[in-house]
Structure formats: C-alpha cells, structure tokens
Protein chains: 2
Amino acid sequence: MLSPYEIILRKREGGTLSAEEIEYFVTQYTLGNIPDYQVSSLLMAIFFKGMIDREILDLTHAMMLTGTIVRLSDVPGCKADKHSTGGVGDKVSLMLAPLAAACGVKVPMVSGRGLGHTGGTIDKLESIPGFRTGISISEYKRILKRVGLVMSRQSDDLVPADRKLYALRDVTGTVESIPLITSSIMSKKLAEGIDVLVLDVKVGNGAFMKDLTQARSLAKKMVQVGKLYGKKVAAYLTDMSQPLGSEVGNWNEVVESVKMLRGESDADDIVELTTRLTAEMVSLCSGETRAVASQRVKKAIESGAGYEKFLEMVKAQGGDLNVVENPAKYRKPRKVVEVKSPEGGYVASVDTFKIGMAAVKLGAGRENVEDKIDPVVGITILKKIGERVSAGDVIAIVHANDEERAKSAKVEIEGAYSFSRRKCSRPELIKERIA
Amino acid sequence: MLSPYEIILRKREGGTLSAEEIEYFVTQYTLGNIPDYQVSSLLMAIFFKGMIDREILDLTHAMMLTGTIVRLSDVPGCKADKHSTGGVGDKVSLMLAPLAAACGVKVPMVSGRGLGHTGGTIDKLESIPGFRTGISISEYKRILKRVGLVMSRQSDDLVPADRKLYALRDVTGTVESIPLITSSIMSKKLAEGIDVLVLDVKVGNGAFMKDLTQARSLAKKMVQVGKLYGKKVAAYLTDMSQPLGSEVGNWNEVVESVKMLRGESDADDIVELTTRLTAEMVSLCSGETRAVASQRVKKAIESGAGYEKFLEMVKAQGGDLNVVENPAKYRKPRKVVEVKSPEGGYVASVDTFKIGMAAVKLGAGRENVEDKIDPVVGITILKKIGERVSAGDVIAIVHANDEERAKSAKVEIEGAYSFSRRKCSRPELIKERIA
C-alpha cells in the first residue's frame, strides 16, 4: 500500500520517488483521493529537493496519462507546435503558426490564456470578433487538414492533472520549480499528438525565469523529455527584459501581428524572433537547414502566403475577416494617454513586469480568475532599450476605457523606465539555442 | 492586506516573517479562513528554512492567543508542570506530580494521549477504573487547591490553533521541525497559568528526536521561549534508546508507578529520573538547591507522602482506590507470552520504536484515531542494555488479549533486541541539563 505521507517524507529527505509512487500521487490526486494539503506539501518538498531526470520523466508521463491523448496520425504531414514560457507583448504564435503552415508544416496549436502579468494567445485571438477557440476534436482536425493550422484553447480533458496541480501551485508558492514547470508544459505538449516542438524560454525581468542559468536548465530538461518521447525538439532562450514588439494588450497585438504578416512591421525584434522560431519549426519538420528554412519563411512573409493562411484560419474559426483586414473598423478605446520621458538620455532598462501589470490593470489581463478581458485596452511601447530620447518625448501610449486606470497605468509605465546619460546597448534578443 | 501567498513565498525564499504575518496566518487558519493547502506548504517551507528566535516567539504567542488562557492567580503557591517529548514506558509524570505536591508544589498537570509509538499519561490514568481526566475549570482549581495536584487532559479550548496545526503536520510530513515543535509545546504550556516548567526532551531510537544535537537545540529554544514569558524553566536531555523502567502499556505502567511511590521499585532508571526531574521542579519553585530538593523528594518517597498525594488525587478524580491499592483485583490479560533470548551475551541495543509499535499493536495505543485503548495489555521488559543474558532467558513478557497479536508482538520484540559477546555499557540516562 502506497502512503502519501511516506512519499512526502521520502522527498523531504531528498530521496528519489519511484515511478509507481509518482503515478500513484498524480492519479489519485486527479481522482480526488489525495487531499490538496498533502499535495501542496509534497510540491514544496519538490521545490526544495528537486527531482532527478527519471522522476521528471515519470511525472510528465503520469500527468499526460490522466487525460485524453490526441491522435493526429490521420492528418498527413509533419505536425508541429510551439510553446513560450510567457512574456509581455509576446505575440509570436499569431505569426509563426500561419507562416509555418504556409511553408507546409501542419500546426495544431494549443494555447493558454494570460497568466499573471503575461498575455495569452487565446485572449488575443478572442479579441477578433466571432473567433472561436473552443473547437471539437473533429472540427479541429478538419481545419488542420484543410487550412494547415488551427489555434485552439486547451480542452478540459487535456491533462486534467496539470489543471489541478497548476491551480494548487499558483496559490501555494510552488510555481517556480524546474521539475514542476517541465512536467506541466511537456505533459500537455506530448498529449497533443505532435511530431515537432519549438520552445521559447523567456529570460529577464518580464519572464517567469529571471536568470539565464535557470532558464537554460529548464530548456534542457524540456528538450530532454521531448526527445525521450521521440519528438524533434528545439528550445531557444530569448530576451524578456523589455516587452516584445510595440504592442501590449490583445486586439492591438493582433493588429501588430497582421502588420508583420503583411510585411509592414518596423518592430525588428518581432520579425527576427518570429522568423527564427518559424524557421526552426520548418527545418525540424522538413529536414532542410535552418538557413534554407529561414529563406522560405521570409518568402512566406513577402509573398503574403503567411497572411493568407492567417486569414483562412480566422475565417475557419468564425472570426470577422472584415475587421481583421480593416482594423480601423474596430471599436476604439475611450482614453488615449501619452507617457513622456521625464529626462533626456538613453533608455537603460524597462521593468517589464510592471508594464505587464499595468496592462493587466487596464483590463488587458485578469486580476481575478473571473475578470473579463477588455480587448481594446493596452499599451504601445515607442521607446526600447538603447534608444535615444529627449525630455518630453513620448515613450509609450496608454489605451484605456477608464480615466482612473489610464492615469495609474501612466504612472506605472513612467516608473518602469530608467534612463542613462551613456549609450546603452540593446539586449541580445536570441541568447541560445538548445537542441 | 496580508496575502497568504506572499507569506509562503517570503518563507520559501528564507525570509523572516513579521509578527503581524505570523499572527494573521495562525488566527485566520484557526478561524478557517486560510485553506489547509496553503498552511501545509508554509509548514514545509518552515521545515526547510527554519525560523529565527523572534519568529518562534511570535508563533508561540499567536498560537497561545487562539484559546483560553487559564488564570491560576487565585490558587496560592508556586504552580508547576512538566512536559516530556514522549517515549516508550515513560510514566514519570504519574510519580513526579504527587511527589512534587508532597513537597509543597502546586501541580496543575495537563497531559496528552499516546501518539504514534509513544504512550500518553492520559491513557495511563484512564486505565484506573472510574478515573476522570476531563474536568471543568472550577473543579480543576478546587482539586488543585485542596490536593495540591490535578491531572487533566487538554480541554478543547486549550490552543485550538495547535490542535488544527498538529493534525495537519501529522499528515503532511512537517512534524520534525524545531520551530514548529517548540511553538506547539510552549503555546500549550504557557496557556496553563504555571510559574515553573520542567521539560524532559527524550533522545534516542524511541524518541521523536533521534539525535542529541537536535534535541539540545529544541530544549534550548523551549527554555528560551519560556524564560521570555517570565517562567522558570529547565530542560533535561534524557535517554530513550530503550524503554524507561520495566513496563510498557497503561495499567501495568500505573502499577509500576505505584510500586515506585511505595518505595518498592527496583527500576533504577525510573527512580533516578523521577527524583531528578521532581527535585528540579521543587528547586525552581522553592529556591532551594537541587541537592536539598532531591533529599526532600527522596523523603517523600520513603515517608509515603507522595503515595498519599497520588491516592488523594485518584480519589478526587473519581478513580477506584481499591484497585489502585490492590492491583491483583484488576482484570487480567488472557494471554501471557514469554519472549526468550535466542543467544547468550549482553544486551547491546533495543529498537525502542519497535517495542513501542508492538505495544500499540497489542492495543496499548491507537493505530487509528478512533481506536480504543485496551488498558490491560502491554509488555514487561526484563532485560535492558548492558545486562548479561543466557540463551533461553526470558527477556520480556507480552500481556495480550488476543493470540494473534501476542504472537506478532513476540516476533517484533525478538527483532528489537540485539546482543553482543562483549560487555556493553548502559546508556547514560540523564545526558544534559539546560536552563
């Protein structure tokens, strides 16, 4: 007879849990047979004592098996997804998925909602009027086959163990644990029936991982687990020490993505990172070199093939194409407030967490689970690290529906920027590739 | 607004909690406003990160304030209690309380039930037919004033926070934490309205603390907290690497105690430890030296004054004096099984935990909370560490009411003893005094 108590004690003393013990804990917890308070104390013990690779693999496996595993073998072609650990202004998925599809990859993308200070792909897509993210498995496959991509939220039967465990970790101070993050992400991705996975591990003051060493070790664990499951996996460590691109919010991020897909983007970081991650996905699927794949991705932007795929997908999922193609028709925020630089110099740093929280407080994210997203609010970032500013220059614009919130966002953003007299270099966008 | 989540995080990162944060957690948990799962993860973080002295004091204080604090100022004299961290065969309280009372100390003793492999004073007292351990506060004071001692179980309103926290610690692997043990014991003892406290911290394979260093640090913390509350406190580190005295059980431990109070004991360890701890209590109350106090305690044994007090107390609390004075009238266990030494030599060690568990399985303790104690079952220990035995000598006697249980206890006890060809020394009974 396995005892939760003895399992907790073994981990607390730094021991290794057997596959049987891990499976017992995960399965019985999901079934409601082990109380939250024993699981949270085990999670805290794991936070302190870690897990060896075998335990992480067993944990991922046990979690995966608590839900439905999607079989996509009847969809021809190489199926690939991408996962980002989350950041501020990270809209890469909105561009990567159609671009990869335009290059022949099948992209069954399953995404999440905004979490804490970070945005979520699903919230962004749902800012498109009519867009449906909850799709039955048969429709999901139909769209994937026909369009080449489908963007869906997690169904209730995708790894129920993770749903329960994540909710518990979120309130018991046990989120920041590499074994727990790895198993949470990988159990879901492995249940999706994909062949290829590209991981974007964000590093910096706007990411969950503040530190490069930690981010690297998370990336390595995830790649390792994915490979042991026979998947082709590559991970990138990328910068999150300032918002990605110019827009932070929901609808405004869709507009920024559409602009990029039309080849009209002037946000270098968005173009560079999206191209790189998409090329990686294409290359893992096709076997071409990343350089060749990169050329194909660039072509898919120039030719508008990626944008076409995006429109097809939006249409297939019920979104209003008229608004997507003519963003001026979208409803406008009531308040637009400029944030000005208090001094001249160079942008030295941006407290990205603060920017993310300012957006959440405007209504672009949720402070409580039941909060509704306001799709139209957000922040436009005009000045990024290393850029020269004069006192009084507009560094950001707040889009709000409420005067009070607009004001407080303005104050938050002012406090998030710091300036220097000396020239500052732009942070390295793509820090490492791990495969 | 205080947030349980942020408090967990601060402790997890090794920070110090403020008095306000500790009070908030303890009070709101006791009121049911903080869920078990957040408390268990905080407890695990405390297990790993510890607490500074100020935090332990604040925790003890906050816990104490969740319940009724007994005021004994209307009872004249010095009020003293003794607490043992628990062991096997530890019946010292049954002798210490009447002996100290015979020496003029007022002893309002509050005790617990058996826990895990250890026995509890309340279970032992309740083996006396008619004996009541649940006493109203007014009767409690009346007996204390008239008899000089009263022995009661914890009332429901004595530190409810500890009741709830202990039950949670017990199932979440967070019992063995010095800050948590200290606050659990001291919050209850400080709520009793006493002036003097003698602590017996058991060390060895039958104790919760296996290790002298750990036991010492627990003793120091408890003494420190008690002194900060203006109490006179002394702690002893004493041996629990074999059962104390000859009897392990309930009624048989009462009989052994009566024998000692009558001056008829041949269990040196019981006599030595009881005399020492009682003398400490008398000395802390009277201001006499411990040597003088020790002489008075010995006299109280010789004169029978301690035994008289014991009988008075039993009578006052409803116990059947006839049976106490004539143990032969007590009902007998159905099975008596001898455990014999498989080899000759010296007793080298006794797995005291195993002996305790064997007694529990006989029915002397509880395997589940709802189990009923069988007062008559138990184990008589005939050979202790360092004693010479020949193959076939009886080393212990099992008293049981069930053939199966008797057999399995016999096997357990055989497995608990180890022998050596070479002479072994008796473990040092009293290892240290901390005051």
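Residues numbered from 1 in each chain as written. Chains lettered and ligands numbered in written order. Predicted model: local features only at pLDDT ≥ 70, side-chain atom pairs only at ≥ 80, totals over all residues. Heavy atoms only, no water.

1. Some thoughts on the pattern of salt bridges
Enumeration over the complete set of coordinates arrives at 59 salt bridges over all chains. As a salt-bridge pair, E256 of chain A and K91 of chain A come within 2.6 Å of each other at their nearest N and O atoms. Remark: K91 of chain A occurs in the loop between β1 (80-84) and α5 (92-102) and E256 of chain A occurs in helix α11 (residues 251-261); sequence separation between them is 165 residues. Note on accessibility: E256 of chain A and K91 of chain A belong to one class, buried. Measuring nitrogen to oxygen at the nearest pair gives 2.7 Å for the salt bridge that ties E288 of chain B to R296 of chain B. (Salt bridge = Lys/Arg side-chain N within 4 Å of Asp/Glu carboxyl O. Helix = DSSP H or I, 4+ residues; strand = E, 2+ residues; numbered from the N terminus. Buried < 20%, exposed > 50% of the residue type's maximum accessible area, 1.4 Å probe, protein only.)

2. Some details on helix α2 (residues 19-30) of chain A
Residue and element names in this part refer to chain A. Taking 1.5 Å of rise per residue, the twelve residues of α2 would be expected to cover 16 Å, and the 16 Å separating its terminal C-alpha atoms lies within 8% of that figure. Listing the buried residues of α2 in full gives E21, I22, Y24, F25, V26 and Y29. On its buried face, α2 sits against α1 (4-12), α3 (36-49), α4 (53-64) and α8 (160-172). At the C-terminal side of α2, G32 shows a positive phi close to 85 degrees. (Expected span 1.5 Å × (residues − 1). Contact = heavy atoms within 4.5 Å.)

3. Digging into the relation of the copies chain A and chain B
The transform that puts chain A on chain B rotates by 179 degrees and translates by 0.1 Å along the axis, for an RMSD of 0.1 Å. Such a turn and shift between the copies fits a two-fold axis. Ranked by how close their C-alpha atoms come to the rotation axis, the residues of chain A are headed by Y37 of chain A, at 1.8 Å. Of the residues that chain A buries at the interface, 100% are likewise interface residues in chain B, meaning the two copies contact each other through the same surface. (Least-squares fit on C-alpha atoms with pLDDT ≥ 70 in both.)

4. Concerning the side chain of K141 of chain A
All names here are of chain A. Here K141 is to be found in helix α7 (residues 137-147). Assessed through its relative accessible area of 17%, K141 is described here as buried. Engagement of the side chain of K141 in a polar contact is seen with the backbone oxygen of R71, the distance being 2.9 Å. Discounting chain neighbours no more than four positions away, the residues touching K141 are R71, L72, D74 and V75. (Polar contact = N/O pair within 3.5 Å; in protein donor to acceptor, adjacent residues only side chain to side chain.)

5. Description of the state of the cysteines
The tally for this structure, following the rule as stated, stands at two disulfides over all chains. Between the sulfur atoms of C78 of chain A and its disulfide mate C285 of chain A the distance is 1.9 Å. The chirality of the disulfide connecting C78 of chain A with C285 of chain A is left-handed, given an S-S dihedral of about -65 degrees. One end of the pair, C78 of chain A, is in the loop between α4 and β1; the other, C285 of chain A, is in helix α12 (residues 268-286), with 207 residues separating them in the sequence. The pair C78 of chain A / C285 of chain A is uniform in exposure class, with both members buried. C103 of chain B carries a free sulfur, and the closest cysteine sulfur to it, the one in C285 of chain B, is 11 Å from it. (Disulfide = S-S within 2.5 Å.)

6. Quick notes on the domain arrangement of chain A
All names here are of chain A. Considered domain by domain, chain A is made up of domain 1 (4-50), domain 2 (80-325) and domain 3 (331-420). For domain 1 versus domain 2, the distance between C-alpha centres works out to 31 Å. Taken together, the contacts link twelve residues of domain 1 with 13 residues of domain 2. When the two sides are added together, the surface that domain 1 and domain 2 hide from each other amounts to roughly 1100 Å², 80% of it contributed by carbon and sulfur. Of all residues in domain 1, the largest losses of buried area upon contact with domain 2 belong to Y29, L43 and F47, amounting jointly to 48% of the total for that side. Taken together, domain 1 and domain 2 are joined by one residue pair in polar contact (both at pLDDT 80 or more). Among the elements of the structure, α2 and α3 are those that each provide at least two residues to the side of domain 1 that touches domain 2. (Domains from an automatic or database assignment. Buried area = accessible area lost by both parts, 1.4 Å probe.)

7. Some points on the packing of aromatic side chains
The description of an aromatic ring pair uses the distance of the two centres, along with the angle that the planes make with each other. Scanning all chains against the criterion turns up seven aromatic pairs over all chains. Summarising the aromatic geometry, the rings of F48 of chain A and F48 of chain B are spaced 4.5 Å apart at their centres and angled 25 degrees between planes, so their arrangement reads as stacked. Of this pair, F48 of chain A sits in helix α3 while F48 of chain B is found in helix α3 (residues 36-49), placing the two residues in two different chains. We classify F48 of chain B as partly exposed; its relative accessible area is 22%. An angle of 5 degrees between the planes, with centres 3.9 Å apart, marks the rings of W251 of chain B and Y330 of chain B as stacked. Here the residue W251 of chain B occupies a position in helix α11 (residues 251-261), and Y330 of chain B occupies one in the loop between α15 (321-325) and β7 (335-340), the gap between them amounting to 79 residues. Here the two residues W251 of chain B and Y330 of chain B agree in accessibility, since each one is buried. (Phe/Tyr/Trp six-rings, centres within 6.5 Å; stacked < 30°, edge-to-face > 60°.)

8. Some words on the interface of chain A and chain B
Contact with chain A, which involves 22 residues of that partner, is made by 22 residues of chain B. Counting each side, the surface lost to burial between chain A and chain B is near 1800 Å², with a carbon and sulfur contribution of 68%. When the area that chain A buries against chain B is broken down by residue, the three leading residues are R12, Y37 and F48 of chain A, summing to 34%. Between the two partners, chain A and chain B, sit two salt bridges. Applying the counting criterion to the chain A and chain B interface returns eleven residue pairs in polar contact (both at pLDDT 80 or more). Listed by contribution, the elements that provide at least two residues to the side of chain A that touches chain B are α1, α3 and α8 of chain A. With ten residues, the top contributor of residues to the side of chain A that touches chain B is α3 of chain A. Among the residues forming the side of chain A that touches chain B, the class breakdown is ten nonpolar, six polar and six charged. (Nonpolar A, V, L, I, M, F, W, Y, C, P; charged D, E, K, R; others polar.)

9. Structural notes on the nonpolar core
If you look at the biggest cluster of nonpolar residues, it comprises 283 residues, and the most contacted ones within it are I355 and I379 of chain A together with I355 and I379 of chain B. In this view, I379 of chain B contacts S246, E247, V248, N252, I355, A358, A359, L362, A396, I397, H399 and I413 of chain B; residues no more than four positions away in its chain are not counted. (Core = buried A, V, L, I, M, F, W, Y, C linked by side-chain atoms within 4.5 Å.)

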